[in-house]
Amino acid sequence: MLVDLLIRNAHILTQDPSRPVAESLLIHDGKILDVGPDAGVAALAARTIDAEGATIVPGFNDVHAHSVWFGLGLMEAGLGAVKNLEDVYDVIGNAAVSLGTDEWVVASGFSPLLLDGEQPDRDRLDAAAGGRPVWIKHSSGHACTLNGVALALIEAEGADLRAEVDGGAVVMGPDGRPTGLLEENAMRLVQDLLLPYPLETIERALDLATTHYLSEGITSVTDAGIAGGWIGHSPQEFAAYQNAKDKGLLSVRMQPMVVLDALRPLQGHATDAVTKGLDTGIRTGLGDDWLRLGPVKIFSDGSLLGSTAYVTEEYVGCTHNHGYLQMDADKLRDAALKAYSSGWAVAMHAIGDHAIDHAIDILTEAQETFGLNALPNRIEHGGVVRPDQLDRIAAAGIVLVPQPHFITEFGDGMARLLGPKRTPWSYPGKSLLDRGVVLPGSSDRPVSNGRPLDVMQSFVERLTPSGEVYGPAERITAAEALAAYTTGSAAATGAEGIKGRLSPGYLADLVFLDQDPTTVKSSAIGATQVLATMVGGDLRWGADKYPLQTPTEESESALSTPASTEYAALTAKETP
Ligand SMILES: [Zn+2]
């Protein structure tokens, strides 16, 4: 038996401290069999790739993204590049012409922040779409915009647009009509009309999203909330992931989180701890290396830029505004502990420091009362994390999941709201590493750019759009940023034994790069190009650049001689 593949002539950053740099990799059965210098392993494989000196690193792992949301955006009219509202009307108009007269025009990627807060006019949208209903999803995820036709459809279904919405708002204009802007929970009004999506639509979104991931060197993703709440697309959303996997449409490894709303009370034997979960009692950790059920996602507060994240000291320029918890503190604790005691690891969205106080209290109590669950507990985002909180997070072994690219895109606005005392505590990096806390790589895509090499540059530079350094003490090195996206992400998702390193026994998930991002100047990290991406030993992207060479007769005969005992020992050691 031959070993499947040899990659040689590479500059490999293994992330394995016992052998940080190597030249060649032997891959068999989707895993790394051996790592070494070129000499010694050259004649052992059925196929060889000459990497021609390319840099190879472990596959990037984004531990907080929203793949279905992102993939749907790739299918919808895109508003990410508009310069003004006229552009918005043009995009909507162009998207409408190919649709039936009563079909919805759905657009995404709209960011009022980039247009000085300007919002589209409902009547202009009616005209642009030729009388079709229009749904514009904002890139923040916290609001959307409808036109007059869409609002009328909602009212026709019996909804009262003037009723108070708990945890959200239907924004009214000076003329006493809804403007079309729906905030937070009010987005449910349109979702109730159009969701759930068919599973096939979700599968197509996953196909588009994960194919895009490969082009950026991503081989693993955690989707932060499916199957319920304002962020889910169908109560059967996990089935779409499973279908996509079966059909070969899931191009990267996935660990979807289920939102709290999707869990329900479960009745078991009186002595069983399981009280809240999914039917049949399945929980965090079930699955395989391609698709595994992640933690339960719980939202504790809102967003920084919406000044709805729950902070201890009021927002600068917004007297008495501290943001708020999305549910009463006792309810939050009760819900989280019930899910935890039923076997769900918890990933709690907490941006403001007051929300993070609650998150730390709850996760610490859960761990002390019930022990550890199958995957680590996490706090998502960390928009304001005080130094005393970092100490508690370190002591409890909680994973904090910050998104440094928020700084690159929204840093000036966040710094204005937080002021000079709190900005250095925002989306920390270095102070986590100093305390020995796991630091993973993540993006919150499509809220923010999810290309890992761009996010790594943000980790290193922390530059706002205006060029200010946002919390300079939290900058990390490029090598640390690479470690975050590989070993850090593996540890955050409970996969440190199989992912994040290129060493024997680890999954053969890796990326070919055109330069070593840890040795270029920091402003050039993002310019690093992904040449090819391998998942589980298969070149799934860029394969045309690396034609597989089959062994020559000479090397075949070398394999059949007793001299290849080194190879025999290797396969005997590693192949089950
Ligand atoms: Zn998110």
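Given the structure is predicted, the values throughout are model-derived calculations rather than measurements.

Enquirer: Can you walk me through the overall build of the chain in this structure?
Expert: Summing up its helical and strand segments, the chain has 16 helices and 26 strands in all. Rg of the C-alpha trace for the chain: 25 Å, near the compact-globule value of 25 Å for 576 residues, within the 12% margin. Over its C-alpha atoms, taken along the principal directions, the chain stretches across nearly 90 × 55 × 55 Å. Across the 576 residues that make up the chain, the buried fraction comes to 52%. For the chain, long-range pairs separated by at least 24 residues make up 72% of all intrachain contacts whose partners lie at least 6 apart in sequence.

Enquirer: Can you walk me through the domain arrangement of the chain in this structure?
Expert: Interfaces are often described in size by the accessible area the parts lose on coming together. With domains assigned, the chain is organised as domain 1 (3–58 + 505–574), domain 2 (75–194) and domain 3 (199–492). Distance from the C-alpha centre of domain 2 to the C-alpha centre of domain 3: 28 Å. At the junction of the two partners, domain 2 supplies 12 residues and domain 3 supplies 13 residues. Here the side of domain 2 that touches domain 3 is composed, by residue class, of 3 nonpolar, 7 polar and 2 charged.

Enquirer: For this particular structure, what's the right way to read the pairing of strand 13 (residues 168–172)?
Expert: Note on strand geometry: in a regular strand, side chains alternate between the two faces of the sheet. Relative to strand 14 (residues 178–184), strand 13 is paired through 4 bridges, and the arrangement is antiparallel. Residue Ala169 lies in a different strand from strand 14, and its bridge partner there is Glu183. Counting the residues that bridge the hairpin from strand 13 to strand 14 gives 5 residues, and of these Gly176 lies at a positive phi of roughly 80°.

Enquirer: Before we go on, may I ask you to explain the sheet that holds strand 8 (residues 60–65) in this structure?
Expert: Strands sit in the order 8-15-16 across an open sheet of 3 strands; the sheet is parallel. This sheet does not close on itself; its edge strands, each paired only once, are strand 8 and strand 16 (253–254). Inspection of the sheet shows strand 15 (residues 218–223) paired to strand 16 by 2 bridges, in the parallel sense. Of the residues in strand 16, the one forming a bridge with Ser220 is Arg253.

Enquirer: Sorry, what's going on with helix 2 (residues 85–97) here?
Expert: Across its 13 residues, helix 2 extends 19 Å between first and last C-alpha, which sits within 8% of the 18 Å expected from 1.5 Å per residue. Those residues of helix 2 that fall on the buried side of the exposure criterion are Val88, Val91, Ile92, Ala95 and Ala96. The buried residues of helix 2 all sit within an arc of 130° when viewed along its axis, so they share a single face. What points out from helix 2, more than 90 degrees from its buried face, is the exposed set Glu86, Asn94 and Val97. Residues of helix 2 that are buried sit in contact with strand 9 (77–78), strand 10 (105–110), helix 3 (122–128) and strand 11 (134–138).

The rules behind each value
- Each residue is numbered by its place in its chain's sequence as written, counting from 1.
- With pLDDT at 70 or above as the cut-off, local features in this predicted model cover only qualifying residues; side-chain atom pairs require 80 or more to be listed or tallied, and sums for whole chains, interfaces and linings still use all residues.
- Only DSSP runs of H or I reaching four residues or more are called helices, and only runs of E reaching two or more are called strands; each is numbered from the N terminus.
- Radius of gyration here uses only the C-alpha atoms, and the compact-globule reference equals 2.2 Å multiplied by the residue count raised to the power 0.38.
- Each residue is classified by how many other C-beta atoms fall within 10 Å of its C-beta atom, where C-beta atoms are placed from the backbone; a count of 20 or more means buried, 12 or fewer means exposed, and values in between mean partly exposed.
- Here contacts are defined at the residue level, using C-beta atoms placed from the backbone and a cut-off of 7 Å between them.
- Each domain's extent was defined by an automatic or database domain assignment.
- Three categories are distinguished: nonpolar for Ala, Val, Leu, Ile, Met, Phe, Trp, Tyr, Cys and Pro, charged for Asp, Glu, Lys and Arg, and polar for the others, with Gly belonging to the last.
- Strand pairing is assigned whenever DSSP identifies at least 2 bridges connecting the two strands.
- One less than the residue count of a helix, multiplied by 1.5 Å, gives the span that helix is expected to have.
- Here the arc refers to the directions that run from the helix axis out to each C-beta atom.

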